[in-house]
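# Per-entry structural report
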Amino acid sequence: MLGLLFASCQREDKIYSCDPNVDNYIKENLSEVQKMTRAEFIRCDEYIQKEIFNALPADKKVSIWRDKFVESLELDWCDKEKKHIELLIQTLENNTMWYEDPLHFEDEIDLFSYKWMDYAENELGWDKESIYNMIIDPGTVIRGCNKKIEIVEYLNNKSMSSRIKTRSESEPPPTTKCSCNTSYDDCGTTGLMKCFKWNCVAIRGCGFLGTQVCDGGCYRTDL
């Protein structure tokens, strides 16, 4: 069923969202959207950030993430950490095709992301929140207490309302739009949310560097 929904969303050329309001907004502002800098992209409402990402050309998608990592290199890292971040930059620059045809390169992306996250956790000692903030959330990173990797925009009182929902697992999200990838469980770092698969309209923009299909909705696990 999910495959059919995803296919139906792709039948028409240049569909950026299966939410008609969001799709119309992007189409009406497409020239401006596709010229966005990283700073402008980060300021976008999280509700439409994935769809805007989908509307960007492949080289712009690469730059959204590459520029984040280049900026992050100015922080205080040990040599191993710095090289691990530089690996992300090099890999992005050499694999623009990941964003041109992510389905074709899905296995390659999954293998690289698994190895990168495994090294970050087991060799560098990064916790899951730090890993998430580095390669799942496109926000700007800083090193906080105990050298945890945190997102600047949230520390500056950016609204978290689009992440912290109050619905239970039995309640469907308010739209037919998927918002997370079940393999990466990318529902924020509070520990209160989990990504559950359901029959929503699938788009890309979730998971590792925004290359994965959004195939589920985020639900509170404590309700």
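Up top you'll find the structure we're talking about.
Small disclaimer: the values here were computed from a predicted structure and weren't measured. All chains use their own residue numbering, which begins from 1 and follows the written sequence. Selection of residues for local features in this predicted model requires a pLDDT of at least 70, selection of side-chain atom pairs for listing and counting requires 80 or more, and totals for whole chains, interfaces and linings are taken over all residues. The side-chain figures draw on all heavy atoms in the structure; neither hydrogens nor water molecules are used.

Right, let's get into the overall build of the protein chain. The secondary structure content of the protein chain amounts to 11 helices and six strands. Categorising residues by exposure relies on relative accessible area from a 1.4 Å probe, with only protein chains included: less than 20% of the type maximum marks a residue as buried, more than 50% marks it as exposed, and the intermediate range marks it as partly exposed. Sorting the 223 residues of the protein chain into buried and exposed places 47% on the buried side. Residue contacts are counted whenever heavy atoms from the two residues lie within 4.5 Å of one another. Long-range pairs, those at least 24 residues apart, make up 60% of the contacts in the protein chain between residues at least 6 apart in sequence. The protein chains shown are the only cover counted for residues, whose accessible areas, like all others here, come from Shrake-Rupley with a 1.4 Å probe. Accessible area for the protein chain stands at about 11600 Å²; split by element, carbon and sulfur atoms hold 49% of it. By the criteria applied, helices consist of DSSP H or I runs no shorter than four residues and strands consist of E runs no shorter than two, each listed in order from the N terminus.

Right, let's talk about unusual backbone geometry for a bit. Despite not being glycine, L209 shows a phi value in the positive range, around 55°. Residue placement: L209 occurs in the loop between β4 (203-206) and β5 (212-214). A residue is classified by how much of its surface remains accessible, and L209, at 1% relative accessible area, is buried.

On to the side chain of E81, then. Relative to the elements of secondary structure, E81 occurs in helix α7 (residues 79-94). Side-chain atoms alone can form a polar contact between residues adjacent in sequence; in general such a contact is a pair of N or O atoms within 3.5 Å, and within protein one must be able to donate a hydrogen while the other accepts it. Within the structure, the side chain of E81 is placed 2.8 Å from the side chain of W126, a separation counted as a polar contact. Not counting residues up to four positions away in its chain, the partners in contact with E81 are L124, W126 and R143.

Any two strands with at least two DSSP bridges between them are considered paired. Bridging between β4 and β5 involves three bridges; their strand directions are antiparallel. Note on β5: the bridge partner recorded for I203 is C214. Taking the residues that link successive antiparallel strands as the turn, the β4-β5 hairpin has five residues, and the phi of G207 there is positive, at about 65°.

The next thing to look at is helix α10 (residues 128-135). An α-helical segment advances 3.6 residues per turn. Residues three or four places apart therefore align on the same side. Across the eight residues that make up α10, a large majority, six, are buried. Along α10, the positions that sit buried rather than exposed are S130, I131, Y132, N133, M134 and I135. Buried-residue contacts for α10 involve α6 (58-72), α7, α9 (106-122), β1 (141-143) and β2 (149-151).

With that out of the way, let us pick up the packing of α9 against α10. The contact between α9 and α10 brings their axes to 10 Å, and the two run at 140°. Accordingly, the angle class assigned to the pair α9 and α10 is oblique. The handedness of the crossing between α9 and α10 comes out as right-handed. When α9 is examined against α10, the residues W116, M117, A120 and E121 are found in contact with a partner set consisting of K128, I131, M134 and I135. Orientation is described by axes fitted as lines to C-alpha atoms, over the contacting stretch for helices, and by angles from 0 to 180 degrees between their N-to-C directions. In these notes the angle categories are as follows: under 35 degrees is roughly parallel, over 145 is roughly antiparallel, 65 to 115 is roughly perpendicular, and the rest is oblique. Helix crossings get a hand from a simple test, with the near helix turned counterclockwise from the far one by less than a right angle marking a left-handed crossing and a clockwise turn marking a right-handed one.

Between 30 and 60 degrees the pair is tilted, below 30 it is stacked and above 60 it is edge-to-face, where a pair is any two Phe, Tyr or Trp rings, Trp via its six-membered ring, whose centres lie within 6.5 Å. Summed over all chains, the structure comprises eight aromatic pairs. When the centroid spacing of 6.0 Å and the interplanar angle of 50° are considered together, the rings of F41 and F53 count as tilted. Here the residue F41 occupies a position in helix α4 (residues 38-42), and F53 occupies one in helix α5 (residues 46-55), the gap between them amounting to 12 residues. No difference in accessibility class separates F41 from F53, as the two residues are buried. Here the aromatic residues F41, F53 and Y99 are joined through ring pairs into a cluster of three or more.

What follows covers the nonpolar core. Here, nonpolar core refers to any group of buried Ala, Val, Leu, Ile, Met, Phe, Trp, Tyr and Cys residues whose side-chain atoms link them within 4.5 Å. Grouped together as the largest cluster of nonpolar side chains are 43 residues, with contacts concentrated most on F69, W116, W126, M134, I135 and F208. For this core, the element with the most residues is α6, which contributes five residues. Contact partners of F208, with chain neighbours within four places excluded, come to L88, W98, I109, F112, S113, I135, I136 and Y184. Within the second largest apolar cluster, seven residues are counted, among which are W198, C200, I203 and C206.

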